[in-house]
Amino acid sequence: MLERSFGVAARRRRTLDALVRHVAEASVAAICRLVQDRIETMGPCEARGYVRARAAREIRQQTRLAFSQQPGVDANWELLVVVRSTERVVPLAMRQLTAMRMSRESTAQQRAA
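Figured I'd write up the structure that's included with this text. (Residues numbered from 1 in each chain as written. Predicted model: local features only at pLDDT ≥ 70, side-chain atom pairs only at ≥ 80, totals over all residues. Heavy atoms only, no water.)

Okay, the overall build of the protein next. Counting its secondary structure elements, the protein contains three helices and zero strands. Of the regular secondary structure in the protein, the N- to C-terminal order runs α-α-α. The C-alpha radius of gyration of the protein comes to 18 Å, more than 25% above the 13 Å expected for a compact globule of 113 residues. When the backbone C-alpha atoms are referred to their principal axes, the protein occupies close to 70 × 25 × 25 Å. Looking at the protein residue by residue over its 113 residues, the buried ones come to 31%. (Helix = DSSP H or I, 4+ residues; strand = E, 2+ residues; numbered from the N terminus. Rg over C-alpha atoms; globule rule 2.2 N^0.38 Å. Buried < 20%, exposed > 50% of the residue type's maximum accessible area, 1.4 Å probe, protein only.)

What follows is the structure in structure tokens.
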């Protein structure tokens, strides 16, 4: 009996983790487009906070979309998925934005040389 409840809990955790990953990955490109011009002059801490704040709407939209595409997912998980996806998307977006910035700088240096 106890083993069965652990199996159910593990399955729920895997489903929740998969939803969080999906929402974060589906949101990162749109978030980067949204913030890339504004964070150029910000320090890392300020940029992370700005990305987190601006990501909220996109994360909520992607969460609703993911829930509509996955029948049987507990609707009570929506807030948890939003919070965890936001925590996951910020580092993803910061890495992508940094890579984009470095690529632009490298291209500019090559043209100058």
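This next bit is on the side chain of threonine 63. Its location among the elements puts threonine 63 in helix α2 (residues 44-69). Take threonine 63: its relative accessible area is 0%, and that puts it in the buried class. The residues touching threonine 63, leaving out its near neighbours within four places in the chain, are Val23, Glu78, Val81 and Val82. (Contact = heavy atoms within 4.5 Å.)

So, about the pattern of salt bridges. Evaluation of the coordinates by the stated rule reveals four salt bridges. Here glutamate 40 ties to arginine 101 by a salt bridge, and the two come within 3.6 Å at their closest N and O atoms. With glutamate 40 in the loop between α1 (2-35) and α2 and arginine 101 in helix α3 (residues 78-112), the pair connects residues that are 61 residues apart, well separated along the chain. Accessibility expressed as a relative area gives 36% for glutamate 40, which makes it partly exposed. With a relative accessible area of 27%, arginine 101 lands in the partly exposed category. One salt bridge connects arginine 52 with glutamate 87, and the closest N-O pair in it is separated by 2.8 Å. One end of the pair, arginine 52, is in helix α2; the other, glutamate 87, is in helix α3, and 35 residues separate them in sequence. Of the residues examined, arginine 52 reaches a relative accessible area of 35% and is grouped as partly exposed. (Salt bridge = Lys/Arg side-chain N within 4 Å of Asp/Glu carboxyl O.)

Let us now look at a positive patch on the surface. Taken together, the side chains of Arg11, Arg12, Arg13 and Arg14 make up a positively charged region of the molecular surface. Along the chain, arginine 13 falls in helix α1. (Patch = residues over 30% accessible without salt bridge, like charges linked within 9 Å, V, L, I, M, F, W, Y side chains within 5 Å. Areas by Shrake-Rupley, 256 points an atom, 1.4 Å probe, with all protein chains shown as cover. Lys, Arg positive; Asp, Glu negative; His and termini not counted. Charge placed at Lys NZ, Arg CZ, Asp CG, Glu CD.)

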